[in-house]
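# Chain and residue survey
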Amino acid sequence: MTAPVECRYYGRDFTTAEMALLRALIAGPPALNRHALSKEFCRRIGWYKADGGCKDMMARVVMLAMHRDGRIELPPPKWRQNRPGPITFGPDTEPPLLPPPTTLDAVRPLEMRTVVRGDHGGTLWNEYVARYHYLGYKTLVGAQMRYAVHASDGTPLAMLGFSTAAWTLAPRDRFIGWSRRHREKNLPLVVDNPRFLILPWIRILNLGSHILALVRRQLPADWTARYKTTPVLIETFVETPRYTGAVYRASGWTRVGVTQGRGRYDMNNRSDKPRKDIWLRPLRKDWKRTLNR
């Protein structure tokens, strides 16, 4: 017999028993903060990722939406007082004094270095993106991979970030041919590219498309090693008229439509963000069949 469902958030049904458990965990004892609450809730209902880790970040997004809707009352966030201050810009991310390279031959072979949170490379990635990307720095959502692209002599050229795909995106879903069931099942096979920054003093013809070609070769293996899931499609969003998406077009990406101007986790139909072109790039030939299994 199917358990009765109380509510549905971001493609997952939550039964009355699961919601009763969540309310009991919130009430305690012991008193759990939001971070601990999300982990314990995932553990108790068996909500895990493909790599075996708890889906605690998604759980926090869901619980916040439930809190806003009045279904639960979360404890006050305790981390606000420890929130990091604004990123400060040091000399390592200043424009170089010497003339930068101007040709692909001068910088090849490129090296895409994975960036790890907390080390020097991660700090520089955050600083470069905060300083020079028009959207600034923002913590990437869910599963993520960051790269710093360097020339053969170690000169930094570009920064890229990848994260979990948008939950629902009508033009993308139509292009794939997704039913809701297939989207909910296979969304982890799609990766978003929310940050692509070529440092502003680097002006090399075809560098962007060269980097995107490297991404197609390296990202699937790196993502699989980290998350035990192999992506088959990448999506990205280009704000117009600020940018035309020419680098994506030149790299074989397909423009499939325009966003509605809502955020990733908007559930109230607020169109309060810039509309953006949606671009997609398959990572292998059987991508559509894989996403519709």
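Position labels on residues start from 1 in each chain and follow its written sequence. Where local features are concerned, this predicted model is filtered to residues with pLDDT of at least 70; where side-chain atom pairs are given and counted, the filter is 80 or more; whole-chain, interface and lining totals use all residues. Based on all heavy atoms of the structure, the side-chain values leave hydrogens and waters out of the count.

It is worth spelling out the side chain of His182 at this point. Within the secondary structure layout, His182 lies in helix α7 (residues 180–186). Whenever a nitrogen or oxygen atom comes within 3.5 Å of another N or O atom, the pair is scored as a polar contact, on the condition that within protein one atom can donate a hydrogen and the other can accept it, and that pairs from neighbouring residues in sequence are kept only if both atoms are in side chains. From its side chain, His182 meets the backbone oxygen of Asn292 in a polar contact 2.9 Å long. Contacts are residue-level and defined by heavy atoms, with any inter-residue pair within 4.5 Å sufficient. Discounting chain neighbours no more than four positions away, the residues touching His182 are Leu187, Leu291, Asn292 and Arg293. Here a helix means four or more residues in a row that DSSP labels H or I, a strand means two or more in a row labelled E, and each is numbered from the N terminus.

Between its first and last C-alpha, helix α3 (residues 56–68) extends 18 Å over 13 residues, near the 18 Å set by a 1.5 Å rise per residue. The classification of residues rests on relative accessible area computed with a 1.4 Å probe and restricted to protein chains. Under 20% of the type maximum is buried, over 50% is exposed, and intermediate values are partly exposed. Regarding α3, the residues found buried are Asp56, Ala59, Val61, Val62, Met63, Ala65 and Met66. Two residues or fewer after α3 comes Gly70, characterised by a positive phi angle close to 80°. Take the number of residues in a helix, subtract one, and multiply by 1.5 Å to get its expected span.

Lines fitted to the C-alpha atoms define the axes, with helices restricted to the stretch that makes contact. Angles between their N-to-C directions range from 0 to 180 degrees. Two elements in contact, helix α1 (residues 16–27) and helix α2 (residues 34–45), have axes whose closest approach is 10 Å; the angle formed by their N-to-C orientations is 145°. Between α1 and α2 the crossing geometry is right-handed. In this structure, α1 uses Glu18, Leu21, Leu22, Leu25 and Ile26 to contact α2, whose residues at the interface are Leu37, Glu40, Phe41, Arg44 and Ile45. Throughout this entry, Asp, Glu, Lys and Arg are counted as charged residues, while Ala, Val, Leu, Ile, Met, Phe, Trp, Tyr, Cys and Pro are counted as nonpolar. The remaining residues, Gly among them, count as polar. Among the residues forming the contact of α1 with α2, the class breakdown is 7 nonpolar, no polar and 3 charged. Put simply, a crossing is left-handed when the front helix is turned counterclockwise from the back one by less than a right angle, and right-handed when it is turned clockwise.

A separate point is the environment of Leu199. Mapped onto the fold, Leu199 is located in the loop between β6 (190–198) and α8 (207–227). Considering only alpha carbons, one finds Leu199 and Ala225, 26 residues apart in sequence, at a separation of 28 Å. Beyond its immediate stretch of four places on either side in the chain, Leu199 contacts Tyr128, Pro156, Leu157 and Ala158.

By the convention used here, strands pair only if DSSP detects at least 2 bridges between them. Reading across the sheet, the 7 strands line up as β3-β4-β5-β6-β7-β9-β8 and stay open at both edges, with mixed pairing between neighbours. On the outer flanks of this sheet lie β3 (111–114) and β8 (254–258), each paired with one strand and no other. Strand-to-strand twist across the sheet, computed as the mean angle between neighbouring axes with direction ignored, equals 30°. For β3 and strand β4 (residues 144–150), the ladder comprises 4 bridges, and the chain directions are antiparallel. Across the sheet, the residue bridging to Thr114 is Tyr147, located in β4. Its contacts with the sheet put helix α5 (residues 120–132) on β4, β5 (156–164) and β6, and the angle it makes with β5 is roughly 95°. In the packing of α8 onto the sheet, the strands contacted are β3, β4, β5, β6, β7 (233–239) and β9 (276–282), and the crossing angle to β4 comes to about 140°.

Next up on the list: the packing of aromatic side chains. For Phe, Tyr and Trp, where Trp contributes only its six-membered ring, two rings pair if their centres lie within 6.5 Å, and the inter-plane angle classes them as stacked under 30 degrees, edge-to-face over 60, or tilted in between. Following the criterion strictly, the structure yields 10 aromatic pairs and no others. With a centroid separation of 6.1 Å and an interplanar angle of 75°, the aromatic rings of Tyr147 and Phe162 are classed as edge-to-face. Taken as a pair, Tyr147 in strand β4 and Phe162 in strand β5 lie far apart in primary sequence, 15 residues in all. The residues Tyr147 and Phe162 share a single accessibility class, namely buried. Measuring from centroid to centroid gives 6.4 Å for Phe196 and Tyr248, while their planes differ by 70°, and the two rings are edge-to-face. You can see Phe196 sitting in strand β6 and its partner Tyr248 sitting in helix α9 (residues 246–250), a full 52 residues away along the chain. In this pair, the class of Phe196 matches that of Tyr248, namely buried.

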